[in-house]
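Residues per chain, in single letters:
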Amino acid sequence: MAVLPAKVAHRDAVRAESIYHGFGLLAAEKPQEVIQAPDAYVSVERTWAHRLVEEIVYDALLSQQTVQRRDLGSQAFMKAGGSQVR
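Please read all numbers here as calculations on a predicted model, not as lab measurements.

Trainee: Even after reading the chapter, I still don't get the nonpolar core, so can you show me in this structure?
Mentor: Note that soluble globular proteins tend to have their nonpolar side chains buried in a common cluster. Counting six residues, the largest nonpolar core consists of Ala6, Ala9, Val14, Leu25, Ala27 and Ile35. Those elements that place two or more of their residues in this core are helix 1 (6–9) and strand 2 (25–27). Not counting the four nearest positions on each side in its chain, isoleucine 35 is found in contact with Ala6, Ala9, His10, Arg15, Leu25 and Ala27.

The following block contains the structure:
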């Protein structure tokens, strides 16, 4: 079990890690809430399918971050006055 602040433990990424690795999540604040119960059986063997899923998820995460950075860059450009060419 991992005891974390409820705000952190409820994040999708944290819950996904908990499910993937088989540990439970417990809210640190009272009343303590079990957010994710631990898995009774966790396989220690990794297969090519595990690696494939990790690569797909990682690629999707990188793609999303690239789009967000591009959006932030264009917003900063527009706030700065846009193109200086008139």
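Trainee: Looking at this model, I keep getting lost on the sheet that holds strand 1 (residues 2–4). Mind explaining?
Mentor: Pairing between the strands of a sheet comes from backbone hydrogen bonds, and it takes one of two forms, parallel or antiparallel. Spatial ordering of the open sheet is given by 1-2-3, a layout of three strands whose pairing is mixed. Across the chains shown, the open sheet's two edge strands, defined by having one partner strand only, are strand 1 and strand 3 (34–36). With direction set aside, neighbouring strand axes in the sheet form an average angle of 35°.

Trainee: Help me out: how do you make sense of a nonpolar patch on the surface in this one?
Mentor: On the surface, Trp48, Leu52 and Ile56 cluster together to form a nonpolar patch covering roughly 380 Å² of accessible area. Topologically, isoleucine 56 is positioned in helix 3 (residues 48–79).

Trainee: Would you take a moment to explain unusual backbone geometry for this structure?
Mentor: Excluding glycine, residues mostly carry a negative phi; peptide bonds, for their part, are mostly trans. With an omega of -5°, the peptide bond between lysine 30 and proline 31 qualifies as cis. Assignment of secondary structure puts proline 31 in the loop between strand 2 and strand 3.

Trainee: What is the right way to read the side chain of serine 18 from this model?
Mentor: The residue serine 18 is located in helix 2 (residues 12–21) in this model. At 2.3 Å, the side chain of serine 18 forms a polar contact with the backbone oxygen of phenylalanine 23. Leave out the neighbours within four places in its chain, and serine 18 touches Phe23, Gly24, Leu25 and Gln36.

Trainee: Please explain the environment of leucine 26 as it appears in this structure.
Mentor: With respect to the element layout, leucine 26 can be found in strand 2. Considering only alpha carbons, one finds leucine 26 and glutamine 36, 10 residues apart in sequence, at a separation of 7.1 Å. Setting aside residues up to four positions removed in sequence, leucine 26 forms contacts with Met1, Ala2, Val3, Leu4, Gln32, Glu33 and Val34.

Trainee: Would you mind going over the side chain of glutamine 36 with me for this structure?
Mentor: Position of glutamine 36 among the secondary structure elements: in strand 3. Residue classification places glutamine 36 among the buried residues on the basis of a relative accessible area of 17%. At a separation of 3.3 Å, a polar atom in the side chain of glutamine 36 contacts the side chain of arginine 15. Apart from the residues within four sequence positions on either side, glutamine 36 is in contact with Arg15, Ser18, Ile19, Phe23, Gly24 and Leu25.

Conventions adopted
- Residues numbered from 1 in each chain as written.
- Predicted model: local features only at pLDDT ≥ 70, side-chain atom pairs only at ≥ 80, totals over all residues.
- Heavy atoms only, no water.
- Core = buried A, V, L, I, M, F, W, Y, C linked by side-chain atoms within 4.5 Å.
- Buried < 20%, exposed > 50% of the residue type's maximum accessible area, 1.4 Å probe, protein only.
- Helix = DSSP H or I, 4+ residues; strand = E, 2+ residues; numbered from the N terminus.
- Contact = heavy atoms within 4.5 Å.
- Pairing = 2+ DSSP bridges.
- Axes fitted to C-alpha atoms, helices over the stretch in contact; angles between N-to-C directions.
- Patch = residues over 30% accessible without salt bridge, like charges linked within 9 Å, V, L, I, M, F, W, Y side chains within 5 Å.
- Areas by Shrake-Rupley, 256 points an atom, 1.4 Å probe, with all protein chains shown as cover.
- Salt bridge = Lys/Arg side-chain N within 4 Å of Asp/Glu carboxyl O.
- Polar contact = N/O pair within 3.5 Å; in protein donor to acceptor, adjacent residues only side chain to side chain.

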